[in-house]
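# Tertiary structure, described
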Amino acid sequence: MPIRELQTKPYNDQKSGTAGLRKKVAVFQQPHYLENFLQSIFDVETSLRGKTLIIGGDGRYYNREAIFTAIAMAAANGVAKVVVGQGGLLSTPAASHLIRLRKAGGGFLFTASHNPAGPDGDFGIKFNVAGGGQAPEGLTTRIYEHSKTIQRYRVAEGANLDLDRRGLQKLEEMEIEVVDCVEDYSALMQSLFDFDRIREWIKKGGTLRFDAMHAVTGPYAQRILVEQLGAATNAVMNATPLEDFGGGHPDPNLIYAKHLVDLVHSPASPDLAAASDGDGDRNMILGRGIFISPGDSLAMLAAHLDKLPGYRGGLKGLARSMPTCRAVDQVAKALKVEFHETPTGWKFFANLFDAGRLTLCGEESFGTSSSHAREKDGLWAVLAWINVLAVTGLSVREIAEQHWRRFGRHYFARHDYENLSTATAASVTQALADANAHLPGKTYGDWTVTQADEFSYHDPVDGSIAVHQGLRVVFGDAARIVLRLSGTGTEGATLRLYLERYEKLETALGWETDSAVAPLANAAEQIVRIGELTGRKAPNVIT
Ligand code: G1P
Ligand code: ZN
């Protein structure tokens, strides 16, 4: 089985976005496309030589082919050992954990997260570095620049690997270990949460429903919730990972998991309903008759986390991405812990975790996690909620209402305008950027603008500065409008408009989010004029 060096020509579109390189499957299927990108990583990140590399994916179409290619190229590029999930599966948080556990040089995660899968769907790769987090921006930029000049790649030919057989195999000098995808992850969860307490809660009648949406979390939820914690066999829905995710859209939110919203509003509601996304890093939490918005979930977990075994020492710090509602800020203030507001995307949290300045963080886009991994972790959030229910003896609704009474309530909605032309999207952000200087002092309805600017982030750990991280119009603590361009889309440009309204009054508890943020949506239209500039009457998706 010779190691061969093959000629190639550069593609010029291999720039990683918020969550790695994400493209249509057909793009990845072009000759040498994947090879070029992987070789660019091996050429730039030379520290992978002689190290362990973790490989896995969310099981979507093209996962296996990509993994075979990656293994054959790793063998030809001096990697000492590859650890790969059985069947090619590893959830994103489980892969992040394995990188840390095995002190690996890095990992390749084949996923396009919640984007639809199948031959016409999306594919993607995330390169994570030693430490378990996504490659930092400087590194992905260097990989991109290199990919534009690449002329050759290295591959071990004729490999005959069995991804379904656990244990050791060999390719050239390189060792390949196929591992159970759940085992190490579930051990980690057992070290963080009180499994005995949860088992007891379930025995006493606590009920769960988790939708794996035919994506990667199926085997994880089945093993942990049903086999280890004793949940009913029907507690996990759509547990078998499928290459096309069953034709669905595994994005756990009010649109794509509407059946769960309907379920919790029916007499058949479980005590806790939840879902995760394609690669297992997102989470959605619902209780009987109630949906917990991700910003609230973060704040509520922050308020209760020190009751859970892995966090008894208290919180080192809390953080949220800039567009996420400011509910957790109130908790940080009350607990007197360090607090950070970061740009969108998980990688900004990783530095804070590594520096020991952060315990829990989250994003409005259904992402929550703690210092146990360097990725957001869907099942972790679900287990944290179950553990909180078991420890407090309260229902999801009681936890929420107690929280809002103490801290006030943040109503939050995100309006997405998808598939715009780049020029149209840019005209909207430009219009707001131009207006910014004149906004402070202006009044819209009950609110007066106190600040209007473009967010940039000064990383307190490595000193780097990230600019152009979204435009914001702030009305003191009372409300906020944020506008930014998505960095994960694969078709056209997507604008995201985030609306946040804060109410301290108990009378506000019963409002519906839509009506609570409606006046803010009007203010946004006056200020940003999205409807007028895009010609769209309404957003495509509201979450
Ligand atoms: C979206 C979310 C962001 C998340 C990312 C990866 O990115 O908004 O919070 O980190 O997916 O899951 P966006 O498309 O907005 O750039
Ligand atoms: Zn994801």
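Every value quoted in this text rests on a predicted model; they were computed, and no experiment measured them. (Residues numbered from 1 in each chain as written. Chains lettered and ligands numbered in written order. Predicted model: local features only at pLDDT ≥ 70, side-chain atom pairs only at ≥ 80, totals over all residues. Heavy atoms only, no water.)

## A word on the layout of surface pockets
One number sums up the size of the largest pocket: a volume of about 1,000 Å³. Looking at the largest pocket, it is lined by 36 residues, and the ones nearest its centre are T18, R484, L485, S486 and G487. Secondary structure elements with two or more residues in the lining of the largest pocket: β2 (21–24), α5 (137–147), α12 (347–354), α15 (422–435), β26 (479–485) and β27 (493–503). Per-element tally for the lining of the largest pocket: the top contributor is α15, with four residues. Residues belonging to the lining of the largest pocket are distributed by class as follows: eight nonpolar, 21 polar and seven charged. If you add up the space inside the second largest pocket, you get close to 830 Å³. For the second largest pocket, the lining is made up of 47 residues, of which R22, H114, N115, T488 and R496 are closest to its centre. Secondary structure elements with two or more residues in the lining of the second largest pocket: β2, β6 (122–129), β19 (409–420) and β27. Sort the elements by how many residues they give to the lining of the second largest pocket and β19 lands first, with four residues. Looking at the lining of the second largest pocket residue by residue, the classes come out as eight nonpolar, 20 polar and 19 charged. (1 Å grid on protein atoms, 1.4 Å probe; cavity = no way out; pocket = protein on both sides within 12 Å on 5 of 7 lines; lining within 4 Å. Points joined across faces, edges and corners; volume = space filled by probe spheres on them. Helix = DSSP H or I, 4+ residues; strand = E, 2+ residues; numbered from the N terminus. Nonpolar A, V, L, I, M, F, W, Y, C, P; charged D, E, K, R; others polar.)

## Structural notes on unusual backbone geometry
With a phi close to 65 degrees, F366 is a non-glycine residue in the positive phi region. With respect to the helices and strands, F366 occurs in the loop between β17 (360–363) and β18 (367–370). Residue class for F366 comes out buried when judged on its relative accessible area of 6%. Its identity as a non-glycine residue notwithstanding, N419 has a phi of 55 degrees, on the positive side. Along the chain, N419 turns up in strand β19. Using a relative accessible area of 46% as the deciding quantity, one classes N419 as partly exposed. (Buried < 20%, exposed > 50% of the residue type's maximum accessible area, 1.4 Å probe, protein only.)

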